[in-house]
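Observations on chain architecture
Residues per chain, in single letters:
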Amino acid sequence: MGSINSRQGILYLDFRYMGKRCREQTQLPDKPSNRKRLEKLMKTIEAEITLSRFEYARYFPNSSKVNEFSRLEHQKSCLILGRSSQVSFEEFTMLWFSEKQVEWRTSQQQTIQGILSHHLLPAFGEKLIDSITKSEILAFRADLAKAPGRKGQLISASRVNHIMTPLRMILNEAADRYDFSSPWRNIKSLKIPRTEIQPFTLEEIDMFLNRVRPDLRPYYELRFFTGLRSGEIYGLQWDQIDFERKEILVSRSLVRGEIVATKTDGSYRIIQLNQRAFDALYLQTNQRNPLSEFVFSSKNGKPYDLNNLRNKVWYPTLLWLGLAKRTPYQTRHTYATLLLGAGENPEWIAQQLGHASTTMLFRVYSRYVPNLTRRDGSAFQRLLNNSTEQGA
């Protein structure tokens, strides 16, 4: 979504077109009337981009980008009418991205752009789209699996699959559009290891909360006793909380500094507050920042910074207490295991966590509560025992 910004008191437009970021300076001073005028123009531009009717030169004839976009627009028209034997992977990918980006929110567009520029275009960019073979795809994936990731570790299977997904989508779409056989035949995703969780006990939770900075205690207590995802709690605003009904409406998330709607229908949910979560929120009202609509914010009114809290508060507190090092996301796993351990209905738990079904719940957490989830055979053994006693 485009925006109107100011540089040295002069307004400029900031938007994306054909996968590229565009900043076009105007001669208009930064005044409310001019902003309103440009906002109307921006809506028109975005509508034309969505409908594939936008012509860059018509709006910005003196821009340095005119020649570049004229070339890309010409390529796009040729691609639509052309043959696969004349189309490179890069050319088709740019067309594919320009058509698909309207379906994605900004964070996903940025993710796909990163995958394209860092991985797919360097490997396949100059190849003709219909010349790419299955063996080349598998060799590319094998190289990915051997490449170093963060901190020198190998890229995870999950990350490899994530990179391969746009490649699959591009090749299958090209094959369908240009009527050739897709090389993506019987290529399965890499198996992802079972999620490793390290939930806290109630005793460990209290140890942590009693040690952490008092002003941050409500924030961490809410994480432990609601299971909110990081983006959901950083993006949590006061209008999402109903103190009378003791509920939180999870409808937004903070993603890369932008407030967006929850990603799936399952993520959109109402969390029923237990007493500890309710008390934490009530305590937070006493230190509410008048500059911010966010429940948890810094002095400048902006949401808490994940990396700052993780490195300067979370890990140091665990170290001081002698607790096992684990990520802040383990607060969500902790909430799930506590609910299961208390014998709550699994379907209700799944709804509270934002899971579409109980499948993930049992797959990830069942080993922590074998008796309550009836996965240890004890229920069947009791049936056998009762049958034996009755027959005696």
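Residues numbered from 1 in each chain as written. Predicted model: local features only at pLDDT ≥ 70, side-chain atom pairs only at ≥ 80, totals over all residues. Heavy atoms only, no water.

Strand order across the open sheet formed by 3 strands is β1-β2-β3, with antiparallel pairing between neighbours. Looking at strand neighbours, the two that pair on one side only are β1 (3-7) and β3 (20-29), the edges of this open sheet. Strand-to-strand, the axes of this sheet are offset by a mean angle of 30°, without reference to chain direction. This element, helix α1 (residues 32-50), spans β1, β2 (10-17) and β3 of the sheet and lies at about 15° to β2. (Pairing = 2+ DSSP bridges. Helix = DSSP H or I, 4+ residues; strand = E, 2+ residues; numbered from the N terminus. Axes fitted to C-alpha atoms, helices over the stretch in contact; angles between N-to-C directions. Contact = heavy atoms within 4.5 Å.)

Let us now look at the pairing of strand β8 (residues 269-272). Here β8 shows a clear split, with Arg269 and Ile271 buried on one side and none of Ile270 and Gln272 buried on the other. Of the pairings in the sheet, the one linking strand β5 (residues 247-250) to β8 comprises 4 bridges and is antiparallel in character. Counterpart to valine 250 in the pairing with β8 is arginine 269. (Buried < 20%, exposed > 50% of the residue type's maximum accessible area, 1.4 Å probe, protein only.)

Moving on, we come to empty space enclosed by the protein. By the definition in use, this model includes 2 cavities of 30 Å³ or more. Its volume calculated, the second largest cavity comes out at about 30 Å³. Lining the second largest cavity are Met18, Lys20, Leu72 and Met94. Here the residues of the lining of the second largest cavity sort into 3 nonpolar, no polar and 1 charged. (1 Å grid on protein atoms, 1.4 Å probe; cavity = no way out; pocket = protein on both sides within 12 Å on 5 of 7 lines; lining within 4 Å. Points joined across faces, edges and corners; volume = space filled by probe spheres on them. Nonpolar A, V, L, I, M, F, W, Y, C, P; charged D, E, K, R; others polar.)

Here the structure, examined in full by the defined rule, presents 18 salt bridges. Across the pair arginine 252 and aspartate 239 runs a salt bridge, and its minimum N-O distance is 2.9 Å. Of this pair, arginine 252 sits in strand β6 (residues 252-255) while aspartate 239 sits in the loop between α10 (230-234) and β4 (241-242), placing them 13 residues apart in sequence. For aspartate 239, a relative accessible area of 54% translates into the label exposed. Salt bridges here are not isolated pairs; linked through shared partners, they connect Asp206, Arg217, Glu221 and Arg276. (Salt bridge = Lys/Arg side-chain N within 4 Å of Asp/Glu carboxyl O.)

Okay, the packing of aromatic side chains next. Taken as a whole and assessed by the stated rule, the structure comprises 30 aromatic pairs. Ring pairs connect the aromatic residues Phe200, Phe208, Tyr219, Tyr220, Phe224, Tyr234, Phe296, Tyr304 and Trp314, which therefore count as one cluster. Across the ring face of phenylalanine 200, the terminal group of arginine 326 is positioned such that the distance to the ring centre comes to 3.9 Å. (Phe/Tyr/Trp six-rings, centres within 6.5 Å; stacked < 30°, edge-to-face > 60°. Lys NZ or Arg CZ within 6 Å of the ring centre and 35° of its normal.)

Our next topic: the environment of glutamate 73. Within the secondary structure layout, glutamate 73 lies in helix α3 (residues 66-81). On the basis of relative accessible area, glutamate 73 is assigned to the partly exposed category, the value being 24%. Taking the C-alpha atoms as reference points, glutamate 73 and leucine 95, separated by 22 residues in sequence, lie 9.3 Å from one another. Beyond its immediate sequence surroundings of up to four residues, glutamate 73 is in contact with Tyr17, Met18, Phe54, Glu55 and Tyr56.

It is worth spelling out the nonpolar core at this point. Nonpolar side chains in soluble globular proteins tend to be buried together. Counting 34 residues, the largest nonpolar core has Phe208, Tyr219, Tyr220, Leu222, Phe224, Ile248 and Leu309 as its most contacted members. Secondary structure elements with two or more residues in this core: α8 (202-211), α9 (217-226), α10, β5, α11 (275-285) and α12 (306-321). In this structure, Trp96, Trp104, Met164 and Tyr178 belong to the second largest nonpolar core, which totals 31 residues. (Core = buried A, V, L, I, M, F, W, Y, C linked by side-chain atoms within 4.5 Å.)

Glancing now at the sheet that holds β4. Backbone-to-backbone hydrogen bonds join strands into a sheet, with any given pair of strands oriented parallel or antiparallel. With antiparallel pairing, the 3 strands of this open sheet are ordered in space as β4-β5-β8. Edge positions in the open sheet fall to β4 and β8, since each of these has one partner strand only.

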